[in-house]
Amino acid sequence: MTHSAKPNSRLLTAATILAVSCVTEAFAPVNFYNRPTLGKDGSVARAVGVSSINTSLAMSDDPLAGMSDERKANLFQSLLRDLQIEGVPLLGCDANQVHTLNAAVWTTMAEISDQDDEQRACVVLEEIPVSALLAFAEDFTVLKTQQRLMGYLPELRRFSISVVGKGVGPALLIETEPRTEEERAYAAANREFEGNFDRVRIEAALRSFIDRIVVGMEACPYTKSADISATGLEARGVTPGPVGYRFSASTDACHVMSSFWNCICELMAEPETNLSSIMLSLPGIGAGDGPDAHARFAAVVELVGRYLCLFRGDGSFGLVHFHPSYDRSIIHPLDAPSYGHLPPISWLRPILRMGGREAEAEQLSDEELALSNYQRRAPHTAINILRMSQVNAAAGPKSIVNLDLGNGRVEKASGITLYTRNTLRMAQSGRENLQYALDAEIASQYN
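Keep in mind it's a predicted model, so treat the numbers as computed, not measured.

Along the backbone of the protein there are 15 helices and 11 strands. Expressed as a percentage of its 447 residues, the buried residues of the protein come to 54%. Within the protein, counting contacts between residues at least 6 apart in sequence, those at least 24 apart form 76% of the total. If you sum the accessible surface of the protein, you get close to 19,100 Å²; carbon and sulfur atoms cover 51% of it.

Shown next as structure tokens:
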């Protein structure tokens, strides 16, 4: 393959501005560069309100063992010069923590993804340990082998990420193959589709959903309005603060990741009294109500959670995912925790029993239990980004219990009272009422 990428000043400007604007507080000062918590197939297995599966990827052996620091530095500079001679833009970035690393890399990838032709860019991150860059590049390589996800993340197939010189220095090389004619037409159609979304209408529809479900039906007892969250947790050390509404019309997963990580940077930079949580609207992701739309939504939010968990960012932030046709029964894994999602549908009867509602656990039909999905059926794809201090305070110190799932299977779980109440309230409302209100909110985004 021949490379003809030229220096891209727009990319350089974006990366530089991003690096300067992001803050430098770490997620976890001790285990900052730990490996992710992943399932056996690479899926993120940790969920708010449920236990984690402690399976991690193995790190590759260090191919540079025994090389002196001076020799590494000289080789690194030589490789950078070679890239520059080939016309590859070198993007200096002063990110020095997990959130700024991810924001810089995904923003660079987003801008590269806008280009149909072959691209190469080198992001130099002198303040990031090489081990963290190796972890990022290795996980991206693993991701591309996982067809369950990649079938619904096609824009990532053309990307390759490697550490310059196999880790001789702190720089990531990001490369893309050119789009085929079919891919170019698809990307152009997506860009045109993005023009259909009006931010004011999108936000108004989401606020209506929050007023109706989260506040009105008390799906979250600590949210009393669409504007303020963490109300009633003062005695547990959490101060209420404003909800920030953020928006991306993009249909591209790289742009979604860039938007998400810039939200994380914003939350890290602001105290909870100024910004308690963020609702990130993503109407271009998984638009529609068909199975492919839902699968696209599920893949993109799993990607978001995967990279938050990669360096234990899930210890600082919790996620809650929404989609117009949200269906926990087809979220992977089906019968185990999934980060940012409701408990598996098969867990609801045991949850009701533990919540003291034995009669309802026996009497409610499967269809009535499935109405629990309406807690997450918002008018468009959205992610609620929460501070874990709020999640932990809301759950309380003794929230984790042993949930008997039957047949000798016992799992750690929390949120029993909340999920019991919400499951019953959704069932009592009935599908017709819930869907009618949702349809009105969906329609309001476009009328």
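Still more to cover.
With an omega dihedral of -10 degrees, the bond running from histidine 332 to proline 333 counts as a cis peptide bond. With respect to the secondary-structure elements, proline 333 resides in the loop between strand E8 (317–322) and helix H10 (348–354). Positive phi, close to 55 degrees, is recorded for glutamate 218, a residue that is not glycine. Mapping glutamate 218 onto the fold places it in the loop between helix H7 (199–216) and strand E5 (228–229). For glutamate 218, a relative accessible area of 34% puts it in the partly exposed group. Of note in this structure, alanine 230 is not a glycine but carries a positive phi near 65 degrees.

Here we take up empty space enclosed by the protein. Counted by the stated rule, this structure contains one cavity of 30 Å³ or more. Approximately 40 Å³ is the volume found for the largest cavity. As for the largest cavity, its lining consists of Arg199, Ile202, Glu203, Leu206, Tyr245, Arg246, Phe247 and Ser281. At the level of secondary structure, the elements contributing two or more residues to the lining of the largest cavity comprise H7 and strand E6 (241–247). The biggest single contributor to the lining of the largest cavity is H7, with four residues. Within the lining of the largest cavity, the residues separate by chemical class into four nonpolar, one polar and three charged.

Core analysis: the biggest nonpolar cluster contains 82 residues, and Trp106, Trp261, Tyr307 and Ile385 have the highest contact counts within it. When residues no more than four places from it in sequence are discounted, the contact partners of tryptophan 106 are Phe136, Phe140, Leu156, Cys254, Met257, Ser258, Trp261 and Tyr307. If you look at the next biggest cluster of nonpolar residues, it comprises 24 residues, including Phe209, Leu371, Met426 and Leu438.

What the second largest pocket holds in volume is close to 740 Å³. As for the second largest pocket, its lining consists of 28 residues, of which Pro154, Glu155, Tyr186, Asn190 and Arg296 are closest to the centre. Here the lining of the second largest pocket gets eight residues from one element, more than from any other, and that element is helix H6 (residues 181–194).

Right, let's get into the pattern of salt bridges. What the rule picks out here adds up to 17 salt bridges. Put simply, arginine 120 and glutamate 86 hold a salt bridge, and the shortest N to O gap is 2.6 Å. Of this pair, arginine 120 sits in strand E2 (residues 119–124) while glutamate 86 sits in the loop between helix H2 (69–85) and strand E1 (90–92), and the two are 34 residues apart along the sequence. Owing to a relative accessible area of 7%, arginine 120 belongs among the buried residues under this scheme. Linking arginine 425 and glutamate 218 is a salt bridge whose minimum nitrogen-to-oxygen distance equals 3.2 Å. Of this pair, arginine 425 sits in helix H14 (residues 416–429) while glutamate 218 sits in the loop between H7 and E5, placing them 207 residues apart in sequence. Its relative accessible area of 25% is what places arginine 425 among the partly exposed residues. Residues joined by salt bridges that share partners form a network here, namely Glu86, Arg120 and Glu175.

With that out of the way, let us pick up the sheet that holds E8. Pairing is mixed across the open sheet formed by five strands, whose spatial order is E5-E6-E7-E9-E8. Bordering the open sheet on either side are E5 and E8, each of which pairs with just one other strand. For E5 and E6, the ladder comprises two bridges, and the chain directions are antiparallel. Counterpart to isoleucine 228 in the pairing with E6 is proline 242. Sitting on the sheet, helix H8 (residues 253–269) touches E6, strand E7 (277–281), E8 and strand E9 (382–387), and the angle it makes with E7 is about 165 degrees. On the sheet, helix H9 (residues 291–309) packs against E8 and E9 and is oriented at approximately 180 degrees with respect to E8.

Bringing the sheet that holds strand E3 (residues 159–163) into the picture now. Strands sit in the order E1-E2-E4-E3 across an open sheet of four strands; the sheet is mixed. Of all the strands in the sheet, just E1 and E3 have a single pairing partner and so form its edges. Within the sheet, the average angular offset between the axes of one strand and its neighbour, ignoring direction, is 20 degrees. The sheet contact formed by E1 and E2 spans three bridges and is parallel. Paired with glycine 92 across the strands is valine 124, a residue of E2. The sheet contacts of helix H4 (residues 130–143) involve E3 and strand E4 (171–176), and relative to E3 the element is tilted by about 150 degrees.

Glancing now at H4. Its 14 residues place the ends of H4 20 Å apart at the C-alpha level, agreeing with the 20 Å of an ideal helix rising 1.5 Å per residue. Inspection of H4 places Ala132, Leu133, Ala135, Phe136, Ala137, Glu138, Asp139, Phe140 and Leu143 among the buried residues, and these make up the whole buried set. On its buried side, H4 packs onto helix H3 (98–113), helix H5 (147–150), E3, E4 and H9.

When you line up the elements, glutamine 375 lands in the loop between helix H12 (366–370) and E9. On the basis of relative accessibility, which here comes to 7%, the residue glutamine 375 falls in the buried class. Looking at glutamine 375, its side chain comes within polar contact range of the side chain of asparagine 422, at 3.0 Å. Those residues in contact with glutamine 375 that sit more than four places away from it in its chain are Phe209, Ile213, Phe322, Leu342, Asn422 and Met426.

Conventions and cut-offs
- Residues numbered from 1 in each chain as written.
- Predicted model: local features only at pLDDT ≥ 70, side-chain atom pairs only at ≥ 80, totals over all residues.
- Heavy atoms only, no water.
- Helix = DSSP H or I, 4+ residues; strand = E, 2+ residues; numbered from the N terminus.
- Buried < 20%, exposed > 50% of the residue type's maximum accessible area, 1.4 Å probe, protein only.
- Contact = heavy atoms within 4.5 Å.
- Areas by Shrake-Rupley, 256 points an atom, 1.4 Å probe, with all protein chains shown as cover.
- 1 Å grid on protein atoms, 1.4 Å probe; cavity = no way out; pocket = protein on both sides within 12 Å on 5 of 7 lines; lining within 4 Å.
- Points joined across faces, edges and corners; volume = space filled by probe spheres on them.
- Nonpolar A, V, L, I, M, F, W, Y, C, P; charged D, E, K, R; others polar.
- Core = buried A, V, L, I, M, F, W, Y, C linked by side-chain atoms within 4.5 Å.
- Salt bridge = Lys/Arg side-chain N within 4 Å of Asp/Glu carboxyl O.
- Pairing = 2+ DSSP bridges.
- Axes fitted to C-alpha atoms, helices over the stretch in contact; angles between N-to-C directions.
- Expected span 1.5 Å × (residues − 1).
- Polar contact = N/O pair within 3.5 Å; in protein donor to acceptor, adjacent residues only side chain to side chain.

Read these as geometric descriptors, not functional statements.
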